[in-house]
Amino acid sequence: MNPPADHLLHGLAANPALPAALLDRLVALVVERSTRPGPGDEPSSGWLATELAYRPDLDPGRARALAALGEPLAVLLAYRGRLAPADVDPVRQPYAAVALLDAGFGEPSTARLLAAHPETAVRWKLASCPGLPADVEDSLAADPDAGVTAEFALWAGPRAAARLARHPHAEVRYAAAGNEAVGPAALAALITGDALPPAASCRVCDGPAVPFTPHPYAAPDERELRPDASCGGAHASTVHETRQRALLNPSTPAELALAHAGGPATALRRALAGRTDLPAAACARFAADPDPAVRAAVAANPATGEPLVRALAADAHTEVRRAAARHPRLPLDLLPALAATTRAAPEPVPRLAAATEAELARLAAAPQAPVRRWVARVPTLPRELAQELAADPDASVARAVAPHPGLSQEALHAMAARHGAQVHASVAANPAASGALLEVLAGHEPPVRKALSAVAVHPNATAAALLPCLADGRAGPSAAAHPALPAAVLADLLLGGDPALAEAAAANPSLPADLMAGLWRRRTR
């Protein structure tokens, strides 16, 4: 049974080599289905229209035709820069107009119109847009809805941010406390309460709900009232949360934050322990913290000096030792012990990325395989060292160095033959892997699924390497979309019973124009 034609149309819509005439027909089909939908057309046309909206060759006329089909599409096209201000009516499609402003394409007159929009959620979305005119900012700062003003307080620049930190509504102050544009003096007032008039209201005394119900196209409010939220007239819960948030603000001077960071608030200590402007005494205090997450934060902190790094590298907790390995000035003599007791994250150790060639060569000859494995992950590893590590007898070391672009074909073939399936996926990820090598990797029995996935997207993959990938559920669609597949194989995939493979084949840029035209003729309507 042939796959449904809409799968094929979706593939065509994503095909970068689609002829202009067929693109016009697809746009016209979406418009027709939207104006005169048949059974099941509406969701299918929506997906097809979205696929078309992502095309880089969408000209203004086509973009306007798609934008007229509904505001969600207009918002997407606005963010992608496919619409001009003249293409969007801010009265009929206010969210698309906000999207243009948010993406930097809108007009000041549109911002002024939207600042007075009767729908609160429109003004809420507008509040986060950059580069708003000063009079629009003043309007948002004085908006009758506290939720709109709070959203603006989160994004406001220095001109308005300090003023909003003194807003009568406690929720606006809470938002301003997280804004880095708020100056140290205003943040100090939020922390200490000095020279700050009491707030007149908060979300607790306003009621448990957000002051407005966001429009379906607006982002949902993520700040919900905590179960223990309370207000006895002094808005205690929000004032406490505001203080904590201001303490975490990077613009708050470290001395002020540390002076008010006592108590059992572990999350606060964790955040402060990562500040790069910590004095030595604070680093020492955090290094002795009973919470391993706090010790881990200070272990990776560039402000932490060598004696403390050495102590934290011997910490009983694995996460602390792993964090110490990420310290940018980690003493290299600690690497053997850390590598032996800590499973490093996949990313390279920062100190190794900055190591000299002599330091790397010495560590690459270390007797401990974990040390050599950490060296093998360095992306700037000299080609000669990469070649040496490619011949390492330990499969984990070879696997770590396999993606290095400086490896020769001989080294890659030898590595695959020596270690087998253990390194196939990493070898296949090497950008210099030849088509012949990829054929060997793809033809391995039993199949190595991760290797097939890497082969399926490799630019050097040949048709012979891609054919085994088509039988794998994960790698198959990527292989079907690979331009190295011959037309005859693509034709078979289009007629096959697997919709995912058929759609990927329809999106293949090597699909001949006559086959594309044939898919159009098989459309459902």
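Residues numbered from 1 in each chain as written. Predicted model: local features only at pLDDT ≥ 70, side-chain atom pairs only at ≥ 80, totals over all residues. Heavy atoms only, no water.

Draft legend 1. View of the overall build of the chain. Assigned secondary structure in the chain consists of 36 helices and 0 strands. Along the first, second and third principal axes, the C-alpha atoms of the chain reach 75 × 70 × 35 Å. Looking at the chain as a whole, 48% of its 525 residues qualify as buried. Expressed as a percentage of contacts within the chain between residues at least 6 apart in sequence, the contacts between residues at least 24 apart total 52%. For the chain, the distance from the average site of its 47 positive side-chain charges to the average site of its 52 negative ones is 3 Å. (Helix = DSSP H or I, 4+ residues; strand = E, 2+ residues; numbered from the N terminus. Buried < 20%, exposed > 50% of the residue type's maximum accessible area, 1.4 Å probe, protein only. Contact = heavy atoms within 4.5 Å. Lys, Arg positive; Asp, Glu negative; His and termini not counted. Charge placed at Lys NZ, Arg CZ, Asp CG, Glu CD.)

Draft legend 2. The arrangement of the nonpolar core in detail. Judged by nonpolar contacts, the single largest core of 161 residues is most densely connected at L126, F286, L352, L381 and M415. A per-element tally of this core places helix α6 (residues 94-102) first, with 7 residues. Setting aside its immediate chain neighbours within four residues, M415 contacts A390, A398, V401, A402, L407, G420, V423 and V427. (Core = buried A, V, L, I, M, F, W, Y, C linked by side-chain atoms within 4.5 Å.)

Draft legend 3. Fine view of the packing of aromatic side chains. One pass over the structure, following the stated rule, counts 0 aromatic pairs. One Lys or Arg, R245, reaches over the ring of Y174 and ends 4.4 Å from the middle of that ring. Over the ring of F286 we find R285; its NZ or CZ atom is 5.5 Å from the centre of that ring. (Phe/Tyr/Trp six-rings, centres within 6.5 Å; stacked < 30°, edge-to-face > 60°. Lys NZ or Arg CZ within 6 Å of the ring centre and 35° of its normal.)

Draft legend 4. Structural detail: the packing of helix α17 (residues 266-273) against helix α19 (residues 292-299). Interhelical geometry of α17 versus α19 gives an angle of 10° and a closest axis separation of 8 Å. One way to sum up the angle between α17 and α19 is to call them roughly parallel. Together, T266, R269, R270 and A273 of α17 and A293, V294, A297 and V298 of α19 make up the contact between the two elements. (Axes fitted to C-alpha atoms, helices over the stretch in contact; angles between N-to-C directions. Parallel < 35°, antiparallel > 145°, perpendicular 65-115°, else oblique.)

Draft legend 5. Region of the structure containing the environment of W47. Turning to its location among the elements, W47 is positioned in helix α3 (residues 41-53). Note on W47: relative accessible area 64%, which makes it exposed. As for W47 and D6, which are separated by 41 residues in sequence, their C-alpha atoms are 9.8 Å apart.

Draft legend 6. Main features of the side chain of E137. You can see E137 is positioned in helix α9 (residues 134-141). The class for E137 is buried, based on a relative accessible area of 15%. Among all residues touching E137, those that are not within four sequence positions of it are L132, F152 and R159.

Draft legend 7. Broad picture of the confidence of the model for the chain. Here the chain averages 91 in pLDDT, while 91% of its residues score no lower than 70. The low-confidence segment residues 209-215 (pLDDT under 50) makes 15 contacts with residues lying over four places distant or belonging to another chain. (pLDDT = per-residue confidence, 0-100.)

Draft legend 8. Representation of the pattern of salt bridges within the structure. All told, the structure shown has 20 salt bridges when counted by the stated rule. Where E306 meets R310, a salt bridge forms, and the shortest distance between an N and an O atom there is 3.0 Å. Placement of both E306 and R310 in helix α20 (residues 306-312) is noted, with a separation of 4 residues, approximately one turn of the helix. Exposure remark for E306: the relative accessible area of 45% places this residue in the partly exposed category. Judged by its relative accessible area of 32%, R310 falls in the partly exposed class. (Salt bridge = Lys/Arg side-chain N within 4 Å of Asp/Glu carboxyl O.)

Draft legend 9. Layout of helix α34 (residues 487-495). All buried positions along α34 are accounted for by V489, L490, L493 and L494. Down the axis, α34 shows its buried residues gathered within 140° of arc, on one side only. Relative to its buried face, α34 has exposed residues pointing more than 90 degrees away, namely A488 and D492. (Arc of directions from axis to C-beta.)

Draft legend 10. Local environment of unusual backbone geometry. The residue after E445, namely P446, is reached through a cis peptide bond having omega -5°. With respect to the helices and strands, P446 occurs in the loop between α30 (435-442) and α31 (449-456). Unusually for a residue other than glycine, A195 sits at a positive phi of about 60°. Here A195 is to be found in the loop between α13 (184-192) and α14 (203-206). Looking at A195, the relative accessible area reads 68%, which means it is exposed.

Draft legend 11. Representation of the packing of helix α4 (residues 60-67) against helix α5 (residues 71-79) in the model. At a minimum axis separation of 8 Å, α4 and α5 run at an interaxial angle of 145°. Only L73, A74 and L77 of α5 make contact with α4, whose side of the interface consists of A63, L66 and A67. Its residues assigned to classes, the contact of α4 with α5 shows 6 nonpolar, no polar and no charged. (Nonpolar A, V, L, I, M, F, W, Y, C, P; charged D, E, K, R; others polar.)

Draft legend 12. Inspection of the environment of A273 at higher detail. Mapping A273 onto the fold places it in helix α17. Since its relative accessible area comes to 0%, A273 is described here as buried. Taking the C-alpha atoms as reference points, A273 and V298, 25 residues apart in sequence, are found 5.0 Å from one another. Dropping the residues within four chain positions of it, A273 is found in contact with L278, F286, V294, A297, V298 and N301.

Draft legend 13. View of the environment of R112. Within the element layout of this structure, R112 appears in helix α7 (residues 108-115). Taking the C-alpha atoms as reference points, R112 and E137, 25 residues apart in sequence, are found 9.5 Å from one another. Engagement of the side chain of R112 in a polar contact is seen with the side chain of D135, the distance being 2.7 Å. (Polar contact = N/O pair within 3.5 Å; in protein donor to acceptor, adjacent residues only side chain to side chain.)

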